[in-house]
Protein chains: 2
Amino acid sequence: MAFDFDTLTNRLDTDSIRWDTFDHNKVLPLWVADMDFQSPPCVINALNNRIQEGIYGYTHSPNHLKHTIAQYLLEHYEWKVDPDWIVILPSVVSGLYTTVQQLTTTDEETLIPNPVYHHLRLACTSSHRAFKEMQLEEQDGRWVLPSNKLQHLISNKTKLALFCNPQNPGSTVCTNKELQEFGNFCVENNLWICSDEIHAGLILDENKKHIPLASISKEISEKTITLMSLNKTFNFPGIGLAWAVAETPVLRKVIQTGLDQTIAPPSLLAYTATMAAMKEGEPWRQELILYLRANRDLIYKKFDTFQDLSVATMEGSYLAWIDCTKLNHQYPYQLFLEAGLATSPGSQFGQDKFVRLNFGTQKSRLHKALSLIQSSIKL
Amino acid sequence: MAFDFDTLTNRLDTDSIRWDTFDHNKVLPLWVADMDFQSPPCVINALNNRIQEGIYGYTHSPNHLKHTIAQYLLEHYEWKVDPDWIVILPSVVSGLYTTVQQLTTTDEETLIPNPVYHHLRLACTSSHRAFKEMQLEEQDGRWVLPSNKLQHLISNKTKLALFCNPQNPGSTVCTNKELQEFGNFCVENNLWICSDEIHAGLILDENKKHIPLASISKEISEKTITLMSLNKTFNFPGIGLAWAVAETPVLRKVIQTGLDQTIAPPSLLAYTATMAAMKEGEPWRQELILYLRANRDLIYKKFDTFQDLSVATMEGSYLAWIDCTKLNHQYPYQLFLEAGLATSPGSQFGQDKFVRLNFGTQKSRLHKALSLIQSSIKL
């Protein structure tokens, strides 16, 4: 490997949320979804060069940014996007919040998956929007959204569906057929769609690829705001940016109106990091995927020996969604924490009897985490 | 001088809004309010060190940030603030927008100064809030807000007054008496106050100091959200942060609610830059003030020779608010632009017959700007 993912990194004294919340002498913190790896050298070098300029004034987004994003989407996802469809955002989360606020009124309803990344739910609750939950089901070892079981959630108040693919925390990468079914369901029910695809660059399954929901058909594209970012893939959420893709002008206007009401543009270094990652980050990303696959396989192997814990197929992201139902423990999150491992409690995503383990870390740390899990369930 | 403000800096190819909007071969761009100086070496070094860490994950604000800010406010402005009164923001502008959205309804009214930084007005219009303008008057060569002439603007709908001190674009630094009068006017009329004090660190007048409006009295403090930032003083608006100070819990909650609805925290490097500037930036700031004073004096000297242009006392900021009324030219901004100098058109701040000149630049560039003005009015 040309890049080093194995050497232990030290994130103490960097104000890391993940590493500072617990006493690192007692708890291995594999919860918040960032990785323990350095960003690619191309990103660090680009940031370094920009810092050397010494002047950090008001900055516009680079002239070729949208064009470069469109090119990137074509190369990576065979998705043909007009650069004019792109709106630059400070983060995917601010895109989610803006979309809910601008596309629905307080009288209207939104659909969100369950389990799902908590900010999809918070985007609704923080702006006092009612929502209904679309329950994922485990089918053939994958967490899927059965589109034929969603109709009962719809009323004439339902205006918007929030979606998340690759799924967080379920780790599912939707197939073309699944996307088609979900997209068509939304089109038929005249729902806007906001699709969080932040983990698109982290497909681990050798037989899967990321397919943008909006790339499925023109009908679906016309209903959809897609939210993307390189923050997860290249591990710079603390200085990153995101973008929305929307073919329909009114949807772009919605995002822009939200931006105009908050005025928090990305940091100028977000442009630097994102451009560098798009232009030169691919060799690093390829090796990252290999490393994360090996971590995933370690988890599969260890979990084969656990009777009371299970994990579905981990198709994308560096997040393992661990089913602790059979443990018969009231607070599995607490059980692991007391053993010295911080996971994300499943309640954060809507499921009490699960935890989410972040395996975007060095192999030796993952080994330790798996041992801690093992020892805790033997107690 | 220990620091170099004189050597021409090159901001081309850095996506600078100020330098990229016009052809730099034809136009000297002294408009958007950032400076042509590098940030202090302590800031550049701190950023450099943080970049070397290589991991840019989810970051909390540094543990001592609020405490350090409180200490800074005490040392610089003799303002005693409880660290708990402080809320960290991505920018002063997002603080303005949030305040208007959260403290008023669409049926209520806000007061704003005229002329004033355009985002105070846009904070109202973007959220469809009506406003009335408090006209500044020139008194003894200073732009002041005559508090005894504001009562007619008040109705039972008026809930909030936006304020800006040091004044942008007028460059006035309010006296204790002026602040007291304005603050008491607001208290007596039961108005919330949002005070933009972003230029506090840039007092040029040898006989003036910055006095936070909320430091005048407990009554005023209890009505006030103060917005501050080091972005202007240390010239890093492209990677900066801001903070709100509010003694009254409900006002802090207002800001926090706004933040919770948008979720765009500052970049992690904003913490790095702000902490470094607070801790080690003072010697640089002292020299910057000397340099800007000399620039200010150049402008005074040159303007003494102009019959049809005038500028009031420049007490704070690096912005000259130039009165072109006597020129009898329909578009003074256009006149200067055609001569090769980009200023900010006065219409942006609410006054057509003025322009705002940014003198946060090298002396040689300012000389050129003044020559361009001279040649254009001789035509």
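Because the structure is predicted, anything quoted here is derived from the model rather than measured. The residue count restarts for each chain, going from 1 along the sequence in the order it is written. Key to labels: chains lettered from A, ligands numbered from 1, both in the order written. The predicted nature of this model means local features are confined to residues of pLDDT at least 70 and side-chain atom pairs, given and counted, to a pLDDT of 80 or more, with totals for whole chains, interfaces and linings taken over all residues. The side-chain figures draw on all heavy atoms in the structure; neither hydrogens nor water molecules are used.

Quick notes on helix 3 (residues 65–77) of chain B
Residue and element names in this part refer to chain B. Short version of the rule: Put simply, DSSP marks the helices as runs of H or I at least four residues long and the strands as runs of E at least two long, and each gets a number from the N terminus on. Each helix should span, by expectation, one fewer than its residue count multiplied by 1.5 Å. Each residue's exposure class comes from its accessible area (1.4 Å probe, protein chains only) as a fraction of the maximum for that residue type: buried when under 20%, exposed when over 50%, partly exposed otherwise. The contact definition used throughout considers only heavy atoms, calling two residues in contact when any of these lie within 4.5 Å.
For helix 3, which comprises 13 residues, the first-to-last C-alpha distance of 18 Å matches the rise-based estimate of 18 Å (1.5 Å per residue) to within 8%. Listed as buried for helix 3 are L65, T68, I69, A70, Y72, L73 and Y77. Looking at the packing, one finds that the buried side of helix 3 touches strand 2 (86–89), strand 9 (224–228), strand 10 (242–245), helix 9 (268–280) and helix 10 (282–303). At the C-terminal side of helix 3, E78 shows a positive phi close to 50°.

As for the interface of chain A and chain B
Quick note on the threshold: Accessible-area loss on putting two parts together, using a 1.4 Å probe and summing over both, is the definition of buried area adopted here. Basic side-chain nitrogens of Lys or Arg form a salt bridge, by our definition, when they fall within 4 Å of a carboxyl oxygen of Asp or Glu. Only Asp, Glu, Lys and Arg are considered charged in this grouping, and only Ala, Val, Leu, Ile, Met, Phe, Trp, Tyr, Cys and Pro are considered nonpolar; every other residue, Gly among them, is considered polar.
The interface of chain A with chain B comprises 53 residues on the first partner and 54 residues on the second. When chain A packs against chain B, the two sides together hide about 4,400 Å² of surface, and 60% of this comes from carbon and sulfur. Viewed at the interface, chain B and chain A are joined by 0 salt bridges. Residue contributions to the side of chain A that touches chain B peak at 7 residues, all from helix 2 (residues 41–53) of chain A. Partitioned by chemical class, the residues of the side of chain A that touches chain B number 22 nonpolar, 22 polar and 9 charged.

Some words on the domain arrangement of chain A
Residue and element names in this part refer to chain A. Quick note on the threshold: An automatic or database domain assignment provides the domain bounds reported here. Polar contact is the term for a pair of N or O atoms within 3.5 Å; when the atoms are in protein, one must be able to donate a hydrogen and the other to accept it, and sequence-neighboring residues count only if both atoms are side-chain atoms.
Under the domain assignment, chain A is made up of domain 1 (17–41 + 282–377) and domain 2 (65–280). Taken residue by residue, the interface counts 33 residues in domain 1 and 35 residues in domain 2. Taken over both partners, the interface formed by domain 1 and domain 2 buries close to 3,000 Å², and the fraction arising from carbon and sulfur atoms is 50%. Summed over the three residues of domain 1 that lose the most area to domain 2, namely E315, W321 and F349, the buried surface amounts to 23% of that side. If you look at where domain 1 meets domain 2, you find 4 salt bridges. The salt bridge partner of K208 is E315, with a shortest N-O separation of 2.6 Å. Where domain 1 meets domain 2, there are 25 residue pairs in polar contact (both at pLDDT 80 or more). Sorting the residues of the side of domain 1 that touches domain 2 by element identifies helix 10 (282–303), strand 12 (319–323) and strand 15 (354–358) as the ones contributing at least two each. For the side of domain 1 that touches domain 2, a count of residues per class yields 17 nonpolar, 8 polar and 8 charged.

With respect to the pairing of strand 4 (residues 130–135) of chain B
Applicable threshold: Two strands are counted as paired when DSSP detects at least two bridges linking them.
In this structure, strand 3 (residues 109–114) of chain B lies alongside strand 4 of chain B, joined through 6 bridges in parallel fashion. Looking at the pairing, B:P113 lines up with B:M134 of strand 4 of chain B.

Considerations on the nonpolar core
Our working definition: Among buried residues, the Ala, Val, Leu, Ile, Met, Phe, Trp, Tyr and Cys ones that are joined through side-chain atoms within 4.5 Å form a nonpolar core.
In this structure, A:W243, A:I299, B:W243 and B:I299 are the most contacted members of the largest nonpolar core, which totals 163 residues. Sequence-distant contacts of B:I299, defined by excluding residues within four places in its chain, comprise B:V311, B:M314, B:A320, B:L357, B:F359, B:L366 and B:L370.

Things to note about the packing of aromatic side chains
Residue and element names in this part refer to chain A. Quick reminder of the rule: Aromatic contacts are taken between Phe, Tyr and Trp rings whose centres are within 6.5 Å, Trp giving its six-membered ring; a plane angle under 30 degrees counts as stacked, one over 60 as edge-to-face, and the others as tilted.
The tally for this structure, following the rule as stated, stands at 24 aromatic pairs over all chains. Aromatic side chains W321 and F354 sit 4.7 Å apart centroid to centroid with 15° between the ring planes, which places their arrangement in the stacked category. Of this pair, W321 sits in strand 12 while F354 sits in strand 15, and the two are 33 residues apart along the sequence. On the basis of relative accessibility, which here comes to 2%, the residue W321 falls in the buried class.

Overview of the relation of the copies chain A and chain B
Selection rule: When the copies are overlaid, the least-squares fit takes in C-alpha atoms only where the residue has pLDDT of at least 70 in both copies.
Between the two copies, chain A and chain B, the superposition gives an RMSD of 0.0 Å; the rotation angle is 180° and the shift along the axis is 0.0 Å. Between the two chains, the operation in question is that of a two-fold axis. Taken as a fraction of all interface residues of chain A, those also at the interface in chain B reach 100%, which identifies the copy contact as same-surface.

Some remarks on helix 11 (residues 332–339) of chain B
Residue and element names in this part refer to chain B. The complete set of buried residues in helix 11 reads P332, Y333, L335, F336 and L337. Summarising the contacts, the buried residues of helix 11 are in contact with strand 13 (341–342), strand 14 (344–345), strand 15 (354–358) and helix 12 (363–378). Backbone geometry just downstream of helix 11 places G340 in the positive-phi region, at approximately 105°.

As for the packing of helix 2 (residues 41–53) of chain B against helix 9 of chain B
All names here are of chain B. What counts is decided by this rule: In this analysis an axis means a line fitted to C-alpha atoms, helices contributing only their contacting stretch, and an angle means the value between N-to-C directions, from 0 to 180 degrees. Left-handed describes a crossing whose near helix is turned anticlockwise from the far helix by less than a right angle; the clockwise case is right-handed.
Where helix 2 contacts helix 9, the axes come no closer than 8 Å and their chain directions differ by 145°. By crossing handedness, the relation of helix 2 to helix 9 is classed as right-handed. Along its contact with helix 2, which presents C42, V43, A46, L47, R50 and I51, the element helix 9 presents L268, L269, T272, A273, A276, A277 and E280. Split by residue class, the contact of helix 2 with helix 9 holds 10 nonpolar, 1 polar and 2 charged.

Concerning the pattern of salt bridges
Counted by the stated rule, this structure contains 34 salt bridges over all chains. The salt bridge partner of B:R18 is B:D36, with a shortest N-O separation of 3.0 Å. In this pair, B:R18 is assigned in helix 1 (residues 17–20) and B:D36 in the loop between strand 1 (28–29) and helix 2, connecting sequence segments 18 residues apart. For B:E282, the salt bridge is made with B:R285, and the minimal N-O distance between the two is 2.9 Å. Highlighted residues: B:E282 and B:R285, both in helix 10, separated by 3 residues, approximately one helical turn. Here the salt bridges do not stand alone but share partners, grouping A:R11, A:R18, A:D34 and A:D36 into one network.

Looking at the sheet that holds strand 3 (residues 109–114) of chain A
All names here are of chain A. The strand order across the open sheet built from 7 strands is 2-10-9-8-7-3-4, with neighbouring strands paired in mixed fashion. Strands at the two margins of the open sheet, each flanked by one partner only, are strand 2 (86–89) and strand 4 (130–135). Each strand of the sheet is rotated relative to its neighbour by a mean of 20°, with strand direction disregarded. Of the strand pairs in this sheet, strand 7 (residues 158–164) and strand 8 (residues 192–196) are connected by 5 bridges, and their pairing is parallel. Residue F163 lies in a different strand from strand 8, and its bridge partner there is S195. Helix 4 (residues 92–103) rests against strand 2, strand 7, strand 8, strand 9 (224–228) and strand 10 (242–245) of the sheet, and its axis sits at about 160° to strand 9. Of the strands in this sheet, strand 2, strand 8, strand 9 and strand 10 are in contact with helix 8 (residues 249–260), which crosses strand 2 at around 20°.

Structural notes on the sheet that holds strand 9 of chain B
Residues and elements named next belong to chain B. The 7 strands are arranged 2-10-9-8-7-3-4 in an open sheet whose pairing can be described as mixed. On the outer flanks of this sheet lie strand 2 and strand 4, each paired with one strand and no other. Ignoring strand direction, the axes of neighbouring strands in this sheet form an average angle of 20°. Those strands touched by helix 6 (residues 176–188) are strand 3, strand 4, strand 7 (158–164) and strand 8 (192–196), and its axis lies near 160° from that of strand 7.

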